[in-house]
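Coordinate inspection notes
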Amino acid sequence: MKQKDKRLYLILFLLIAAAAFLTSGRRGGNGDLSLEISVDGRVTRSLALSDTAPGTSIMLRPGGGMNELVISGDSVRMVSADCPGGDCLKMAPLTSERGVIVCLPHKLVLKLRAKDGRKPSNPDDAIDAVTY
Amino acid sequence: MRDIIMAWGRMACQEGFGMSDKGRGGARVFLAFFLCLLFVCAYIYRIREERGDGMNVRSRESLAMDTIIRVSLHSCKTPEELERILDGTFALIASLDSELSMFKPSSGIALVNASSGQAPVKVSRETSRAVSASLALFRLTGGAFDPTIGPVTALWRIGDAKNPRLRLPDNREIEEALALVGADMATVSPDDRVYLSRAGMKIDLGGIAKGFVSAEAGNFLAAAGVESALIDLGGNVLTVGSRPNGTPWKIGIQHPYRQRGEPICSIEVSGAAVITAGVYERYVEIDGKRYPHIFDPHTGRPVEGDLLSVTVVSEDPTAGDALSTAFMALGLEKSKELLESLPGVEAIFVSKGTGAEPELYATVGIKGLTRIAR
């Protein structure tokens, strides 16, 4: 291999490495997200999604009530609850920092949080809030 | 790419790079400098992407006003300053909630209701302004929004999970409640005294309170120097400024047939409120029929018709909140007539339509409307 070719391959390699560095972690799933569980305004539990096995079911007893949630890899959903109305069961699964699941009668809030200091991932085409 | 680099290499050779020992040394220095610069730029770009161009982000959720409240701040201020601003915002919201709720016995509104037909009641400046705004919107909408709807909402008890209505109220009950509805029987004096002239009247600011509170919170954030923020009071959204990167906020509008949080479409706004009234949100089901929590003040009954939701976009959240309720009562055609007299107010109507999916109608001033669900 000629010296000139070596230089060209080196430049190409470095350009690709720089591009990979720029784009890494921007669309990389929810490895940096943790589920925050709050009851009556106080955070009672926080667990990293990446440390939780898919299909993990968590039973909560907020204020004497019952709520069951399931973590499925990159999403969290409420699967059962004994609250009147069951509004929390009608909420879309959490998949990003923008969503929230609330059980008002049990004063329970589920939220995904990004790693400390990291800006919430919010590409230009993402929805910031939903009016209902 | 290879061709470009080869061409660059050839050009460099022709210009003397690599032609002599001195030239080769210069090319190496140039190459090393170029690569260092490339990585420094990449690193700075990456850090700016993650940190948001020097912007700090703080958000908080809390349960109040019988819903979830979320406030997100994006600002060059320090994280500690933003936390203090959030403290102030939530304290303001809690204070206004305790003044405007008809269900809190010590609230200004509850005291006014308890003294209806007897004497004016001195209320806080904020309560006075909220009631005055609601009376102005009553007049603007020709009574389609009426803050004295309290006797009707108390009769139907829609959304009251602890004490749900199990049978429909009869005509006599509805007529009795309707006789106590009429914002033209309510007055607010310049010294903040609110009076309901007929005993049994009740102010219910449920159709305007969240809009009023988000307006107050928005003013608080603006006074605190926050450039970019999102206030979400149980689906009543107020945007302050634009996103930190200067693009408009993208707000989804709930799909009436799908799970909470799944939008049917989205719009783009900056410095505006996006507020929705929908029949799917809170209702009671009696004998297999759903009755929503939005009332027509002229009939004393829940609204009927093809409209599933109305979203109002305006700079004034207080007006947006009341107008979304009024448009549900008016229906599509009458709402269009009223909208023509309201500059700066835009709306999106979601109706049942003829197919499986709802139909959308939007005023021409709506920006960035994108249908998501089909």
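Refer to the structure printed above.
The notes below deal with the structure included here. (Residues numbered from 1 in each chain as written. Chains lettered and ligands numbered in written order. Predicted model: local features only at pLDDT ≥ 70, side-chain atom pairs only at ≥ 80, totals over all residues. Heavy atoms only, no water.)

Comments concerning the overall build of chain B
Within chain B one finds ten helices and 18 strands. Expressed as a percentage of its 374 residues, the buried residues of chain B come to 49%. Sequence-distant contacts, at least 24 apart, represent 59% of the contacts inside chain B between residues at least 6 apart. Total accessible area on chain B is roughly 17500 Å²; 55% of this is exposed by carbon and sulfur atoms. (Helix = DSSP H or I, 4+ residues; strand = E, 2+ residues; numbered from the N terminus. Buried < 20%, exposed > 50% of the residue type's maximum accessible area, 1.4 Å probe, protein only. Contact = heavy atoms within 4.5 Å. Areas by Shrake-Rupley, 256 points an atom, 1.4 Å probe, with all protein chains shown as cover.)

Points about the nonpolar core
If you look at the biggest cluster of nonpolar residues, it comprises 85 residues, and the most contacted ones within it are B:Leu73, B:Leu205, B:Ile251, B:Ile267 and B:Phe327. Apart from residues lying up to four places away in sequence, B:Ile267 is in contact with B:Trp249, B:Lys250, B:Ile251, B:Ile253, B:Val274, B:Val313, B:Ile348, B:Ile366, B:Lys367, B:Gly368 and B:Leu369. One finds A:Leu33, A:Leu49, A:Val76 and A:Val109 within the second-largest nonpolar core, a separate group that totals 27 residues. (Core = buried A, V, L, I, M, F, W, Y, C linked by side-chain atoms within 4.5 Å.)

Details of unusual backbone geometry
Residue and element names in this part refer to chain B. For Asp 66, which is not a glycine, the phi torsion comes out positive at approximately 60 degrees. With respect to the element layout, Asp 66 can be found in the loop between strand 1 (56-64) and strand 2 (67-75). The exposure class assigned to Asp 66 is exposed, which follows from its relative accessible area of 52%. The backbone of Arg 157 shows a phi angle near 55 degrees, a positive value even though the residue is not glycine. Along the polypeptide, Arg 157 turns up in the loop between helix 6 (150-156) and helix 7 (171-178).

Notes on the packing of aromatic side chains
Aromatic ring pairs are reported here in terms of the distance separating the ring centres and the angle at which the planes meet. Applying the stated rule across the entire model yields three aromatic pairs over all chains. Summarising the aromatic geometry, the rings of B:Trp156 and B:Tyr291 are spaced 5.8 Å apart at their centres and angled 40 degrees between planes, so their arrangement reads as tilted. With B:Trp156 in helix 6 and B:Tyr291 in strand 12 (residues 289-292), this residue pair connects regions lying 135 residues apart in the sequence. What makes B:Trp156 buried here is its relative accessible area of 2%. Three or more aromatic residues joined by ring pairs form one cluster here, namely B:Trp156, B:Tyr291 and B:Phe295. Across from the ring centre of A:Tyr132, 3.9 Å away, lies the NZ or CZ of B:Arg260, which sits over that ring. (Phe/Tyr/Trp six-rings, centres within 6.5 Å; stacked < 30°, edge-to-face > 60°. Lys NZ or Arg CZ within 6 Å of the ring centre and 35° of its normal.)

Here we look at the side chain of B:Thr141
Among the secondary structure elements, B:Thr141 is positioned in the loop between helix 5 (125-140) and helix 6. The contact partners of B:Thr141, leaving out residues within four places of it in the chain, are B:Leu323, B:Ala326 and B:Leu338.

So, the sheet that holds strand 9 (residues 263-269) of chain B
Taken in spatial order, the four strands line up as 8(A)-8(B)-9(B)-18(B) in an open sheet, and their pairing is mixed. Both outer strands of the open sheet, strand 8 (129-131) of chain A together with strand 18 (370-371) of chain B, are each paired with one neighbouring strand and no more. Where strand 9 of chain B meets strand 18 of chain B, two bridges bridge the pair, whose relative direction is antiparallel. For B:Ser266, the partnering residue across the bridge sits in strand 18 of chain B and is B:Thr370. (Pairing = 2+ DSSP bridges.)

With respect to the environment of B:Glu176
Residues and elements named next belong to chain B. With respect to the helices and strands, the residue Glu 176 is situated in helix 7. For Glu 176, a relative accessible area of 46% translates into the label partly exposed. Placed 25 residues apart in sequence, Glu 176 and Pro 151 show a C-alpha to C-alpha distance of 8.8 Å.

Examining the state of the cysteines
Two cysteines, two sulfur atoms, one covalent bond between them: this is a disulfide. All names here are of chain A. Inspection of every chain in the model, using the stated rule, returns zero disulfides over all chains. Between Cys 88, a cysteine without a disulfide, and Cys 83, which holds the nearest cysteine sulfur, the sulfur-to-sulfur distance is 3.7 Å. Looking at Cys 88, the relative accessible area reads 1%, which means it is buried. Between Cys 103, a free cysteine, and Cys 83, which holds the nearest cysteine sulfur, the sulfur-to-sulfur gap is 3.7 Å. (Disulfide = S-S within 2.5 Å.)

What about the pairing of strand 5 (residues 75-81) of chain A?
Residue and element names in this part refer to chain A. Here six bridges tie strand 4 (residues 67-72) to strand 5, and the two strands are oriented antiparallel to one another. Across the sheet, Val 70 pairs through a bridge with Arg 77, a residue of strand 5. Counting the residues in the hairpin turn of strand 4 and strand 5 gives two residues, including Gly 73, whose phi is positive at 70 degrees.

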